[in-house]
Amino acid sequence: MKDKQTLIAEEPGTEAVNLRHLRAWVTVVDEGSVTAGARRLGVSQPALSQQLRALEEFFGNRLLERLRRGVQPTPLGRALLGDARGALAAADRLTRQARTIAGFDVGVLEVATLPTLVDSMLIDPLRRWQEEYPRVAIQLHEFAHRTTMNESVAKGIGDLAIGVRPPNWSGPVVSLGWEQFLVVLPPSDPLAGGGPVALRELADRNWILYEPSQGLSDYVATACALAGFRPRQAVLTSQVQAAVRLAAAGLGAVLVPSANVPEELARTARALDPPVAWELTVFARSALSAPAAAFVELVSRGPMPSLPAHAVVLPGD
């Protein structure tokens, strides 16, 4: 019996790529060596090497450069790697949809999102999903940056994505409403607590900022730039929860999505005037499958906040 992922026939003249060989190559690239790739795939090293040679013959050139320690993709390999990952993700998605579309049978629903949103809005929908569809697991793909996530989803990663509205998106997009940003201040700050504050009034504060690897870094920089200043760094962190607690401990101000502010720390948080907000959405590369649509329904339950008047909309592009 042929491998179910083999899309290339063995007769001469075939023009389709063998997904099993493609997966073998991507695994070797990810692992950095043929030996480690064989171990991960559970095949012998000679068998894996044969698959790699077959793929290179198909493309007519080398895809891997052998180094003293391990391997790396050749220029051709680097050029093909993104599309290869997308093809494998699409094949996996087709398999999952075939298993689940008729009746939510055993399968996996893959959700691409931002770590910030997992903490703030997905825990309850994930709990309810497990209660209502226990035979369909959820796999989260968490991306630090929205740009990386959008590009990955466009190439086939995930059955759906939850994040900030993607620009110029050709697939389906469902709005989940608008979330405002708050500024959390040290308890001793004279502006801690109370009503909305203009962000420009905080230009002289020390700030808890996010590392460039954390996607919120760009949002904070944009909001402050629009308010006419560049925040002065006190502490740099990659964790949103840590940033809020550092601010509450008196180390500086921090800008954070409102849902990420714990209730016990809300007393030192202030809304902004004008409001700073982003639109949260569900989006996908193509029409949502039945399981994906069911998950969207869970995420969409409850009120959907509208855009505040005169709001500064992030990401600002």
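Structural notes, computed from the coordinates.

Rules of the game
Residues numbered from 1 in each chain as written. Predicted model: local features only at pLDDT ≥ 70, side-chain atom pairs only at ≥ 80, totals over all residues. Heavy atoms only, no water. Axes fitted to C-alpha atoms, helices over the stretch in contact; angles between N-to-C directions. Helix = DSSP H or I, 4+ residues; strand = E, 2+ residues; numbered from the N terminus. Parallel < 35°, antiparallel > 145°, perpendicular 65-115°, else oblique. Contact = heavy atoms within 4.5 Å. Nonpolar A, V, L, I, M, F, W, Y, C, P; charged D, E, K, R; others polar. Buried < 20%, exposed > 50% of the residue type's maximum accessible area, 1.4 Å probe, protein only. Arc of directions from axis to C-beta. Phe/Tyr/Trp six-rings, centres within 6.5 Å; stacked < 30°, edge-to-face > 60°. Polar contact = N/O pair within 3.5 Å; in protein donor to acceptor, adjacent residues only side chain to side chain.

1. What about the packing of helix α1 (residues 19–31) against helix α3 (residues 45–59)?
Item 1. Between α1 and α3, whose axes approach to 9 Å, the crossing angle comes to 110°. The orientation of α1 with respect to α3, classified from their angle, is roughly perpendicular. Residues Arg20, His21, Leu22, Ala24, Trp25 and Val28 of α1 form the contact with α3, whose participating residues are Leu48, Gln51, Leu52, Ala54 and Leu55.
Item 2. Residue composition of the contact of α1 with α3, by class: eight nonpolar, two polar and one charged.

2. Some thoughts on the side chain of serine 217
Item 1. Here serine 217 is to be found in helix α7 (residues 216–226).
Item 2. For serine 217, a relative accessible area of 18% corresponds to the buried category.
Item 3. Ignoring sequence-local partners within four residues, the contact set of serine 217 consists of Tyr210, Glu211 and Pro212.

3. A short note on helix α6 (residues 146–154)
Item 1. Every buried residue of α6 is accounted for by Arg146, Met149, Asn150, Ser152 and Val153. On an axial view of α6, the arc spanned by its buried residues comes to 165°, and they lie on one face.
Item 2. Lining the buried residues of α6 we find β3 (107–113), β5 (160–164), α7 and β11 (276–283).
Item 3. Remark: glycine 156 follows α6 within two positions and exhibits a positive phi of approximately 115°.

4. Here we look at the packing of helix α2 (residues 34–41) against α3
Item 1. Their axes nearest at 9 Å, the elements α2 and α3 cross at an angle of 105°. Put simply, α2 runs roughly perpendicular to α3. Only Gln45, Leu48, Ser49 and Leu52 of α3 make contact with α2, whose side of the interface consists of Val34, Thr35, Gly37, Ala38 and Leu41.

5. Details of the packing of aromatic side chains
Item 1. Per the counting criterion, the structure on display carries seven aromatic pairs.
Item 2. Residues tryptophan 129 and phenylalanine 295 carry aromatic rings whose centres are separated by 5.7 Å and whose planes lie at 70° to one another, so their mutual orientation is edge-to-face. Note that tryptophan 129 is positioned in helix α5 (residues 115–132) and phenylalanine 295 in helix α9 (residues 290–300), a separation of 166 residues in sequence.
Item 3. Ring geometry for tyrosine 219 against tryptophan 278: centres 5.0 Å apart, planes inclined by 90°, an arrangement best described as edge-to-face.

6. Re the side chain of threonine 237
Item 1. Relative to the elements of secondary structure, threonine 237 occurs in strand β8 (residues 232–237).
Item 2. Only 3.1 Å separates the side chain of threonine 237 from the backbone nitrogen of glutamine 239, close enough to count as a polar contact.
Item 3. Each residue touching threonine 237, except ones within four places of it in the same chain, is listed here: Ile208, Leu209, Tyr210, Glu211, Ala242 and Ala243.

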